[in-house]
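# Survey of secondary and tertiary structure
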Amino acid sequence: MKVRESGMPDETYWNTFFNPGCILERFDCAGSSRGLVEFGCGYGLFTLPAARLVQGQVFALDIDPEMVATTEKKARDHGLTNIVVERRDFIKDGCGRPDASVDYAMLFNILHVEDPVGLLREVFRVLAPGGKAGVIHWRSDIETPRGPSLDIRPHPEQCRSWGQQAGLSFIRSEALACCSYHFGLLLERPIS
Ligand SMILES: C[S@@+](CC[C@H](N)C(=O)[O-])C[C@H]1O[C@@H](n2cnc3c(N)ncnc32)[C@H](O)[C@@H]1O
């Protein structure tokens, strides 16, 4: 089931809102060596820079065939062999990776999902102890040119609480001066 209000606008327009390198740098992605799962890769805006930063594989998932084809083509064109793009409904079928098998999860612009705790439980399942989850989303405290309806847009405190309900610890919030329409936070599957 496609997450509500998760359709993408034109790619060039979407790209104007983000500085992917800056975000990934602040979110500890570079430490990933056992694999990274991206829940909803869209046009691959974050997939490619993540693949350049990490030592392991990037499992980029999306339900939309156009997003899958676009991200696959970009990975091929840039010779990035550590990207595995899969058309998959991670709400219905999970992310498809074994328990505790990766050390990073990207949840970028997706936590307005109908059941955020359910999705975060899947993140908890797939992360190895000590693995991290980066969350970014559109802010509600300022006007933004895009983003899901305000009544379903998550607040940072909600993301933190949902993460904790799913067993993830809160590490820190990140003010994203480089992407001022967004907030960010980092969660972790505790080591014990
Ligand atoms: C708002 S976009 C964000 C894309 C990317 N994370 C970014 O920030 O550039 C959300 C993406 O999630 C995908 N998506 C929505 N529901 C999904 C599902 N159930 N399983 C897999 N992908 C899904 C959509 O097709 C869309 O590409």
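Remember, it's a predicted structure, so these values are computed and weren't measured experimentally.

Calculation rules
Position numbers for residues count from 1 along each chain, tracking the sequence in the order it is written. This being a predicted model, a pLDDT of at least 70 is required before a residue's local features are given, and a value of 80 or more before pairs of side-chain atoms are given or counted; all residues contribute to the totals for chains, interfaces and linings. Note: side-chain values were computed over all heavy atoms of the structure, leaving out hydrogens and water. Neighbouring residues are identified by heavy atoms, a residue being near a molecule or strand if any of them is within 4 Å of it. We call two N or O atoms a polar contact when they sit within 3.5 Å, provided that within protein one can donate a hydrogen and the other can accept it, with sequence-adjacent residues counted only if both atoms are side-chain atoms. Note on areas: Shrake-Rupley, 1.4 Å probe, and residue coverage restricted to the protein chains presented here. In this classification, Asp, Glu, Lys and Arg are treated as charged, Ala, Val, Leu, Ile, Met, Phe, Trp, Tyr, Cys and Pro as nonpolar, and every other residue, Gly included, as polar. What makes two strands pair is DSSP finding at least two bridges between them. Secondary structure elements follow DSSP: runs of H or I of four or more residues count as helices, runs of E of two or more count as strands, with numbering from the N terminus. Axis lines are fitted through C-alpha atoms, for helices just across the contact stretch, and the angle between N-to-C directions can take any value from 0 to 180 degrees. Any two residues whose heavy atoms approach within 4.5 Å at even a single point are treated as in contact. Side-chain rings of Phe, Tyr and Trp (the six-membered ring for Trp) are treated as a pair once their centres are within 6.5 Å; stacked means planes under 30 degrees apart, edge-to-face means over 60, and tilted covers the remaining angles. Remark: exposure states derive from per-residue accessible area (1.4 Å probe, protein chains only) relative to the maximum for the residue type, with buried under 20%, exposed over 50%, and partly exposed in between. Remark: a charge is flagged as sitting over a ring if the NZ atom of Lys or the CZ atom of Arg is within 6 Å of the ring centre and within 35 degrees of the ring normal. Put simply, a disulfide is two cysteine sulfurs that come within 2.5 Å.

## Digging into the site of the ligand
- Around the ligand, the surrounding shell holds 21 residues, and the nearest of these are Met1, Trp14, Gly40, Asp62 and Asn109.
- In this structure, a nitrogen atom belonging to the ligand sits 2.8 Å away from a main-chain N or O atom of Met1.
- Within the complex, 99% of the 600 Å² of free accessible area of the ligand lies under protein.
- When grouped by side-chain class, the residues that make up the shell around the ligand number twelve nonpolar, four polar and five charged.

## Re the sheet that holds strand 4 (residues 102-108)
- The seven strands are arranged 3-2-1-4-5-7-6 in an open sheet whose pairing can be described as mixed. Strands with a single pairing partner mark the edges of an open sheet, and in this sheet they are strand 3 (83-87) and strand 6 (169-175). Neighbouring strand axes in the sheet, compared pairwise and without regard to direction, differ in orientation by 15° on average.
- Contacts from helix 7 (residues 156-165) reach strand 5 (127-138), strand 6 and strand 7 (182-188) within the one sheet, and its direction differs from that of strand 7 by about 20°.

## Quick look at the packing of aromatic side chains
- Counted under the stated rule, the structure contains twelve aromatic pairs.
- With a centroid separation of 5.2 Å and an interplanar angle of 75°, the aromatic rings of Phe17 and Trp138 are classed as edge-to-face. Remark: Trp138 occurs in strand 5 and Phe17 occurs in the loop between helix 1 (11-15) and helix 2 (20-26); sequence separation between them is 121 residues.
- Its relative accessible area of 9% is what places Phe17 among the buried residues.
- Residue placement shows Arg97 over the ring face of Phe59; its charged tip is 3.9 Å from the ring centre.
- The ring of Phe124 has Arg189 lying over it, and the distance from NZ or CZ to the ring centre is 4.2 Å.

## Focus on the state of the cysteines
- Per the stated rule, a full pass over the model turns up one disulfide.
- Each sulfur of the disulfide joining Cys22 and Cys178 lies 2.2 Å from the other. Sign of the S-S torsion, about -85° for the bond between Cys22 and Cys178, identifies this disulfide as left-handed. Of this pair, Cys22 sits in helix 2 while Cys178 sits in the loop between strand 6 and strand 7, and the two are 156 residues apart along the sequence.
- Its relative accessible area of 15% is what places Cys22 among the buried residues.
- Under the relative-accessibility criterion, Cys178 is labelled partly exposed at 26%.
- The thiol sulfur of Cys95 is not disulfide-bonded, and the nearest other cysteine sulfur, from Cys41, lies at 13 Å.

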